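# Tertiary structure, described
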Amino acid sequence: MEVKKDWLSGVLKVLLCFSFVYLWVMALVYVKKSYCGIPGAAVFLIAALLDGILVWCVWKKKKLKSDKTTTIKTENICLLCASLVLLALQFVVIWNAVFRTAWDPGAVWYGAHFVEMGDQDGINSMGYYFSVYPNNLLLVWIYSIVLKLNDVIGTPIANGTMLLALFQCIFVTGAGACLYKTVRHFADQKIAWIAYGFYFILGGLSAWIMIPYSDSTGIIFPVFLFWLYVKLKETESAKKKCVLLFLMFFLCYIGFEIKPMAAIVMIAVAAVEGIHFIGKLLKKQIVWKKSVLACCLSAVLGIGAAAGGVSAVVDSLHFPVVTDTVLGWQHHMMLGLNKDTNGGYSQADFDYSTSFSSAEEQHAAELKEIGKRLKDFGVGGYLQHFVKKSARNYFDGCFGWGGLGETFYTEIFPERGTVLCSLIRSLYYDNTEDTLYRYQALFRQILWYMVLVLVPFSVFTKRPLDKKRQVAVLSVLGLMLYLQIFEAHARYLYTFVPIFVFLATEGIDNLREYLNQKSERRVKK
């Protein structure tokens, strides 16, 4: 009876299971890539077997004694130590393997340097790029502030590339700590440390930490927004709710300006809360109180304060931005329908969208092209394109590392003359065939497949999902929908690794509970 009442929970369970079983089938049948000579399907089966072993170990091992004896303070100290270890390892990787790249991070790098130096000619020269991609301006401002530290500590190499990479590692490491705290709210320490272990490798030591850009800098926002929502649902204090809502909407706007996909979590929050609110409204269970209005006002103030602050700092940069050349959602949807690139970036599409003199003309032409491409596809052709986009998006444990053209390794700096430096570069660089990168890629692929196998088990329970879990599930489904409609690239999943790992560890917990119940029934018999 309870499940029928919460129809949203049932719908989300079905959608998540269907989506990930579809990915399982693709991994076993469609994806032909091999890793160190091992077929992709075999790697997937190895990952599934390791998941089974992991769940069995978690089930058989009794509850950690530390769960009963460890204080919150001790647990926090352990988490701090783990975070410091991760930061130290990140420093070692960046110190030995950082390099300079082109494409968008290169433009942000130049823009931040011009702002930090007060070079107006350089700023003016970047006007066209930031007219097309104005969402990177906030990142330029943040990085320009960080680069001012060069005046104090000097520049080890790369005109601040290392400094910016180390700076964003604070956010990457913070996301891991936030993930641990979030999982800890739902499960015991054992499950929380498993989650941290997955993230430690897939997120914390990903090669993407070496490139200062929105992917790594923005990784903190989805999981932190979700953690704030969990705290919001815990508190009964109206004042605390107002503060949390202000903070959530403030950070959502900041996150959107850095990495637009970060807002998907808040869209999920709004959708879940809105649907439940409408349900109560129809049943006349809503009582309008001052606290409800205060919460709404807090949300509006949070967005307003963030919007005002972002506008002020962006204007202070003095880039000659022309708003008519901004590439909107129409362009990215057109990219998503590009048959030649399987929904990925296309220079031809970029040239087409930037060839018009006004935004109205550009958007009209892009919508016309979208309609034409859909018509050319037909139903069968679009389904094939859909599958190809899925293969491009979800089956790379390195999240598209290196797959951005010849200018990816724009400038590789001289080696530091140590065995460790050579080893790290061999593990992280994929620019030649004789590196050790392929072994690291295999290891990461197994871990990523383990996550993909476990995620649907996060809804493997007879109980309806509570609102917090509904938000997590809807966030992942929202990201997947975004990637299937708009531009496709595995790199976009990196920012959501903490949310995927959270659902994976929910799956471990549910499977453990299922095995416990099955064991208890056998004992009773």
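Look above for the structure.
One structure accompanies this document, and this report is about it.

### Brief notes about the environment of S19
Within the secondary structure layout, S19 lies in helix α2 (residues 7-30). As a C-alpha pair, S19 and R491 span 472 residues in sequence and 19 Å in three-dimensional space. Ignoring anything within four residues of it in the chain, the contact list for S19 reads L477 and M480. A distance of 2.7 Å separates the side chain of S19 from the backbone oxygen of L15, its partner in a polar contact.

### A closer look at the pattern of salt bridges
Under the definition given, this model contains 15 salt bridges. A salt bridge links R184 to E75; its shortest N-O distance comes to 2.6 Å. Of this pair, R184 sits in helix α11 (residues 161-186) while E75 sits in helix α5 (residues 72-97), and the two are 109 residues apart along the sequence. In this structure R184 comes out as partly exposed when scored by relative accessible area, which is 25%. Taking the relative accessible area as the measure of exposure, E75 reaches 7% and is therefore buried. K233 is the partner of E273 in a salt bridge, and the nearest nitrogen-oxygen pair spans 3.0 Å.

### Structural notes on unusual backbone geometry
Even without glycine at this site, C36 takes up a positive phi of about 55°. Along the chain, C36 turns up in the loop between β1 (34-35) and β2 (38-39). The backbone of W103 sits at a positive phi, close to 35°, despite the residue not being glycine. Here W103 lies in helix α6 (residues 103-117).

### So, the packing of aromatic side chains
If you walk through the whole model with that rule in mind, you get 41 aromatic pairs. Between the aromatic rings of Y22 and F386, the centroid separation amounts to 6.1 Å while the plane-to-plane angle is 45°, which identifies the pairing as tilted. On the criterion of sequence distance, the pair formed by Y22 in helix α2 and F386 in helix α20 (residues 359-394) is long-range, its members being 364 residues apart. Geometrically, the ring pair formed by Y382 and F386 is tilted, given 6.4 Å between the ring centres and 55° between the ring planes. Here Y382 and its partner F386 are both found in helix α20, four residues apart, which amounts to about one turn of the helix. Linked through ring pairs, F99, W103, W208, Y213, W401, F408, Y409 and Y429 together constitute an aromatic cluster. Lying over the aromatic face of W59, K60 brings its terminal NZ or CZ to 5.2 Å of the ring centre.

### Things to note about the nonpolar core
Core analysis: the largest hydrophobic core is formed by 155 residues, its most contacted members being F20, M210, F319, W401, V451 and F500. Element by element, the count of residues in this core is highest for α11, at 14 residues. Filtering out sequence-adjacent residues up to four positions away, V451 remains in contact with F198, L202, F500, V501 and A504.

### Quick look at a positive patch on the surface
Residues K462, K518, R521 and R522 make up a contiguous surface patch of positive charge. Relative to the helices and strands, R522 resides in helix α24 (residues 497-524).

### Some thoughts on helix α22 (residues 437-454)
Since the α-helix advances by 3.6 residues per turn, residues separated by three or four positions end up pointing in the same direction. The end-to-end C-alpha distance of α22 is 26 Å, a good match for the 26 Å that 18 residues give at a rise of 1.5 Å each. Of all 18 residues that make up α22, 15 are buried, and the element is covered over most of its length.

### Comments concerning a nonpolar patch on the surface
Residues V21, V25, L28, V29, Y30 and L45 make up a contiguous nonpolar surface patch of about 520 Å² in total accessible area. On the secondary structure map, V21 appears in helix α2.

Quick notes on the rules
- Residues numbered from 1 in each chain as written.
- Predicted model: local features only at pLDDT ≥ 70, side-chain atom pairs only at ≥ 80, totals over all residues.
- Heavy atoms only, no water.
- Helix = DSSP H or I, 4+ residues; strand = E, 2+ residues; numbered from the N terminus.
- Contact = heavy atoms within 4.5 Å.
- Polar contact = N/O pair within 3.5 Å; in protein donor to acceptor, adjacent residues only side chain to side chain.
- Salt bridge = Lys/Arg side-chain N within 4 Å of Asp/Glu carboxyl O.
- Buried < 20%, exposed > 50% of the residue type's maximum accessible area, 1.4 Å probe, protein only.
- Phe/Tyr/Trp six-rings, centres within 6.5 Å; stacked < 30°, edge-to-face > 60°.
- Lys NZ or Arg CZ within 6 Å of the ring centre and 35° of its normal.
- Core = buried A, V, L, I, M, F, W, Y, C linked by side-chain atoms within 4.5 Å.
- Patch = residues over 30% accessible without salt bridge, like charges linked within 9 Å, V, L, I, M, F, W, Y side chains within 5 Å.
- Areas by Shrake-Rupley, 256 points an atom, 1.4 Å probe, with all protein chains shown as cover.
- Lys, Arg positive; Asp, Glu negative; His and termini not counted.
- Charge placed at Lys NZ, Arg CZ, Asp CG, Glu CD.
- Expected span 1.5 Å × (residues − 1).

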